[in-house]
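# Descriptive analysis of the structure
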Amino acid sequence: MPMKSINPATEELLATFEEFTPDQVDRALDEATAAYRKWRKSSFAERSRLMLQAAAYIRANKERFAGLMTAEMGKPIVESEGEIEKCAWNCEYYAEMAPEFLANRPAKSSASESYVAFEPLGTVLAVMPWNFPFWQVIRFAAPALMAGNAAVLKHASNVPQCALAVEEIFRESGFPSGLFQTLLIPGSGVEAVIDDNRIQAVTLTGSDSTGSRVAAASGRNLKKAVLELGGSDPFIVLADADLEGAARTAARARNQNTGQSCIAAKRFIVEEAVADEFERRFVDEVSAMKVGDPTQRDTNVGPLARNDLREDLEKQVERTLDEGAKLLLGGSRPERKGYFYMPTILSNVTPEMTAFREETFGPAAAVIRARNPDHAVALANDSEYGLGGALWTRDIERGKRMAREIESGAVFINGMTASDPRLPFGGIKRSGYGRELADFGIREFVNIQTVWIGPAV
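The paragraphs below set out a description of the structure included in this document.

## Describing the overall build of the protein
Per the secondary structure count, the protein includes 15 helices and 20 strands. Since a compact globule built from 457 residues should have a radius of gyration of about 23 Å, the 23 Å found for the protein is in line with a globular shape. For the C-alpha atoms alone, the extent of the protein along its principal axes is close to 75 × 55 × 40 Å. Residue burial in the protein is summarised as follows: out of 457 residues, 58% are buried. Residue pairs at least 24 apart in sequence account for 73% of intrachain contacts in the protein once pairs closer than 6 positions are excluded. Summed over its atoms, the accessible surface of the protein is roughly 18,600 Å², and 50% of this surface lies on carbon and sulfur atoms. Considering the protein, the positive charge centre built from 53 side chains and the negative charge centre built from 63 side chains are found 3 Å apart.

Written out as structure tokens, the structure reads:
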């Protein structure tokens, strides 16, 4: 079945691509294996030189890549440009820091000399989503390649043009032929690739249900896996918070990328004493956002990437309202072509309701009232997920203490949860395991090797 690239803002068919045959996949894995055997012997200086060329290529083609992203999955163009710039930064970061992160580490032992070395594993399969079609791939690929690995990409089937563009970046930047390749295969073909002996490890960003299947296949094959899965991130607002700043940030945190982000704030847990005022400010901020053509620079919220995603979100909102929530804003489709859904705010949400229990992947916010800070933390932790979270308070020391109690891979105090190449990224519980970015991320796909040299005779 051909892969279709469809513009979600216009519902126009942009392009179709034939899926790879088994022979094409086999050749790609052979090429990756051959490229890895040479690449692993390359110096950090050579790897850094090429990675900096990749950063330069990304920046030189920012307008084209950003436009492609906006056309293929509907991201507002200003956000698309920001994503491309972030990809270039990530390449530069690892070009600079990889030699330090992977340098031999002396260790004391009974030997005359002993140290820990970091060696590449081989070819890593990356199964990546459509919501950040360049960033999700580059944040994996830059450290993996700098560590000496090869990479093959199975991207989401609705962004085939972005998938091929990422391959173009590494090819045109001078990396060895076959070292980074895109496989145009359906999701049903992933397990066979994981089973292949030429694949040494797997990384996935996606839903927890997909993560479970990939984890099972990886475990059966005893292959290392890193899973960055879903999230239902809490955004806690305490009574002493800067409500103006919190509401302004909350609007962005829920609706950036049209709400289609694992680390988007989804459950807004507000102390009862300030809940009414926060809701008024939140509604005002979200109401001021422009929904429309994602190619226009003043658009804040574009379409959802696919119609089935919009339908799923609609059902979650409807069920939550049926369960007793109150609609403060939105809750409907605008009268226009494309997979648009109006930014929505639900109030009076309680833990048994759909919008509290499930991940809502789109512009729908749930406001939950907490009796006090302890109750707010308990509500935040009452979730299967544990990816990120935000906490708003003027009492920074209290904020630090509370952050340690929140069950998540990250807590941002008085700010919006975001990924940064310099900080480790990942979650706990059904949000997955392992880390990307920073020094932790580059060491996920290496052999941490002990070298022991016997006492001098």
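After presenting the structure, the write-up continues.
## Concerning the sheet that holds strand 20 (residues 446-453)
Strand order in this open sheet of three strands is 3-4-20, and the pairing throughout is antiparallel. Across the chains shown, the open sheet's two edge strands, defined by having one partner strand only, are strand 3 (105-106) and strand 20. In the sheet, strand 4 (residues 113-120) pairs with strand 20 via eight bridges, with the strands oriented antiparallel. Within the sheet, the bridge partner assigned to Ala117 lies in strand 20 and is Gln449.

## Quick word on helix 9 (residues 243-255)
Residue pairs three or four apart in sequence face the same way in an α-helix, which turns once every 3.6 residues. The terminal C-alpha atoms of helix 9, which comprises 13 residues, lie 18 Å apart, in line with the 18 Å expected from a rise of 1.5 Å per residue. Of all 13 residues in helix 9, ten are buried, a share of seventy percent or more. Listed in full, the buried residues belonging to helix 9 are Leu243, Gly245, Ala246, Ala247, Thr249, Ala250, Ala251, Ala253, Arg254 and Asn255. Packed against the buried residues of helix 9 are strand 10 (233-237), strand 11 (265-271), helix 10 (272-287), strand 14 (364-370) and strand 16 (390-392). Two or three places before Glu244, at the opening of helix 9, Asp242 has a side-chain oxygen 3.3 Å from that residue's backbone nitrogen. Two residues or fewer past helix 9, Asn257 is found with a positive phi of approximately 60 degrees.

## A look at the side chain of Thr354
Counting through the fold element by element, Thr354 comes out in helix 12 (residues 354-357). Thr354 sits in the buried class, given a relative accessible area of 7%. If near-sequence neighbours (up to four positions away) are discounted, Thr354 is found in contact with Gln316, Arg319, Thr320 and Glu323.

## Quick notes on the environment of Ala54
Summarising the element assignment, Ala54 is placed in helix 2 (residues 44-60). Relative accessible area serves as the criterion here: at 0%, Ala54 is assigned to the buried category. Not counting residues within four places of it along the chain, the set of residues in contact with Ala54 comprises Cys91, Ile169, Ser173 and Phe175.

## Some details on the packing of aromatic side chains
Applying the stated criterion across every chain, the model contains 13 aromatic pairs. Relative to Phe101, the ring of Tyr93 lies with its centre 6.1 Å away and its plane at 55 degrees, an arrangement referred to as tilted. An aromatic cluster of at least three residues, connected via ring pairs, comprises Phe235, Phe268, Phe278, Phe282 and Trp392. Over the ring of Trp39 we find Arg47; its NZ or CZ atom is 5.9 Å from the centre of that ring. Here Arg336 stacks its cationic end above the ring of Phe340, 4.4 Å away from the centre of that ring.

## Re the packing of helix 2 against helix 5 (residues 135-146)
Contact geometry for helix 2 and helix 5: axes closest at 9 Å, N-to-C directions at 155 degrees. The angle between helix 2 and helix 5 places the two elements in the roughly antiparallel class. Along the contact surface, helix 2 presents Phe44, Arg47, Ser48, Met51 and Ile58, while helix 5 presents Ile138, Ala142, Leu145 and Met146. Residues of the contact of helix 2 with helix 5, tallied by class, amount to seven nonpolar, one polar and one charged.

## Concerning the nonpolar core
Residues Met51, Leu125, Phe134, Phe170 and Phe175 are the most contacted members of the largest nonpolar core, which totals 114 residues. No other element matches the eleven residues that helix 4 (residues 77-101) contributes to this core. Once residues lying within four places of it in the same chain are set aside, the contact partners of Phe175 are Trp39, Leu50, Met51, Ala54, Leu145 and Phe170.

## Points about the environment of Arg198
Examined against the element boundaries, Arg198 turns out to sit in the loop between helix 7 (190-195) and strand 8 (199-205). For the pair formed by Arg198 and Thr33, sequence separation is 165 residues and the distance between their alpha carbons is 6.7 Å. Residues within four places of Arg198 in sequence aside, it is in contact with Asp26, Leu29, Asp30, Thr33 and Thr123. Polar side-chain contacts of Arg198 include one of 2.7 Å to the side chain of Asp26.

## Concerning a negative patch on the surface
There is a patch of like negative charges on the surface, built from Glu318, Asp322, Glu323 and Glu352. In this structure, Glu352 sits in the loop between strand 13 (344-347) and helix 12.

Each value, and the rule that gives it
- Residues numbered from 1 in each chain as written.
- Predicted model: local features only at pLDDT ≥ 70, side-chain atom pairs only at ≥ 80, totals over all residues.
- Heavy atoms only, no water.
- Helix = DSSP H or I, 4+ residues; strand = E, 2+ residues; numbered from the N terminus.
- Rg over C-alpha atoms; globule rule 2.2 N^0.38 Å.
- Buried < 20%, exposed > 50% of the residue type's maximum accessible area, 1.4 Å probe, protein only.
- Contact = heavy atoms within 4.5 Å.
- Areas by Shrake-Rupley, 256 points an atom, 1.4 Å probe, with all protein chains shown as cover.
- Lys, Arg positive; Asp, Glu negative; His and termini not counted.
- Charge placed at Lys NZ, Arg CZ, Asp CG, Glu CD.
- Pairing = 2+ DSSP bridges.
- Expected span 1.5 Å × (residues − 1).
- Polar contact = N/O pair within 3.5 Å; in protein donor to acceptor, adjacent residues only side chain to side chain.
- Phe/Tyr/Trp six-rings, centres within 6.5 Å; stacked < 30°, edge-to-face > 60°.
- Lys NZ or Arg CZ within 6 Å of the ring centre and 35° of its normal.
- Axes fitted to C-alpha atoms, helices over the stretch in contact; angles between N-to-C directions.
- Parallel < 35°, antiparallel > 145°, perpendicular 65-115°, else oblique.
- Nonpolar A, V, L, I, M, F, W, Y, C, P; charged D, E, K, R; others polar.
- Core = buried A, V, L, I, M, F, W, Y, C linked by side-chain atoms within 4.5 Å.
- Patch = residues over 30% accessible without salt bridge, like charges linked within 9 Å, V, L, I, M, F, W, Y side chains within 5 Å.
- Salt bridge = Lys/Arg side-chain N within 4 Å of Asp/Glu carboxyl O.

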